[in-house]
Amino acid sequence: MTQQNIFALVYPYGILNRYIKFYDEFLRDYIFKLQEEIRIIIIACSHQSEQLIKDKFPNNKYETLVIPEAVDIWIRDWAPVPVNICGSETKFIKPDFTAGYYKGYYQSWILKLDMAGSKLADYLCINTIPLSLKSDGGNFAYNGKDTVILTNRIISNNETLSIEQIENSFKQIPGIEKVIFIPVEPEDVTGHTDG
């Protein structure tokens, strides 16, 4: 895939309807003003949601993509994670998606969102580097050079592995040489570094 600025989001209709007004304003007031400079992809969880988007924004340049498994709007958590290794082309890391903060009914989302991430990668024609660790994209910060920063949530998500094995999983990715673990922020249920 060539280097291209892509903006992808999950439209909240049918997922978190209370965000629709905010999303509509955000698209109209900010994102569509950049439509000649970036590739805009709006992910819908159903064909009904896709049609709503097309009805609301008929005169803008964007793509719609229906992914029924996209049951959560926080795409940063389940989509492949872009990493620009040593200034060369962008690589995409795809962990085995999990989120310990999904409880009860929401646990069924884990497999769906892992599949949604794979479907998005397929749509974008990107090859992902599989990461056999249970994690999510929100618990992944990269300094753009050689270092990955994670909260220690990844350790508890992969409790059958040693810290050294977790580090080595990342160090197998070309260009990543250092892995730093930081503690989860008190009272942060997600355990993410991106907060």
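**Student:** Just checking my understanding: could you explain unusual backbone geometry for this structure?
**Tutor:** For residues that are not glycine, phi is negative in most cases, and the peptide bond is trans in most cases. Here Cys125, not a glycine, exhibits a phi torsion of approximately 55°, which is positive. With respect to the helices and strands, the residue Cys125 is situated in the loop between helix H4 (109–123) and strand S6 (128–135). A positive phi is found at Glu187, a non-glycine position, where the angle reads about 70°. Within the element layout of this structure, Glu187 appears in the segment after strand S9 (178–182). Judged by its relative accessible area of 83%, Glu187 falls in the exposed class.

**Student:** Explain the packing of aromatic side chains here, please?
**Tutor:** Tallied over the entire structure, the rule returns 14 aromatic pairs. Consider the rings of Phe26 and Tyr30, whose centres lie 6.0 Å apart with planes at 40°: the pair is tilted. Linked through ring pairs, Phe7, Tyr11, Phe22, Tyr23, Phe26 and Tyr30 together constitute an aromatic cluster. Above the plane of the ring of Tyr19 lies Arg18, whose end atom (NZ or CZ) is 5.1 Å from the centre.

Each value, and the rule that gives it
- Residues numbered from 1 in each chain as written.
- Predicted model: local features only at pLDDT ≥ 70, side-chain atom pairs only at ≥ 80, totals over all residues.
- Heavy atoms only, no water.
- Helix = DSSP H or I, 4+ residues; strand = E, 2+ residues; numbered from the N terminus.
- Buried < 20%, exposed > 50% of the residue type's maximum accessible area, 1.4 Å probe, protein only.
- Phe/Tyr/Trp six-rings, centres within 6.5 Å; stacked < 30°, edge-to-face > 60°.
- Lys NZ or Arg CZ within 6 Å of the ring centre and 35° of its normal.

So far we have only geometry, and geometry alone does not tell us how the molecule works.
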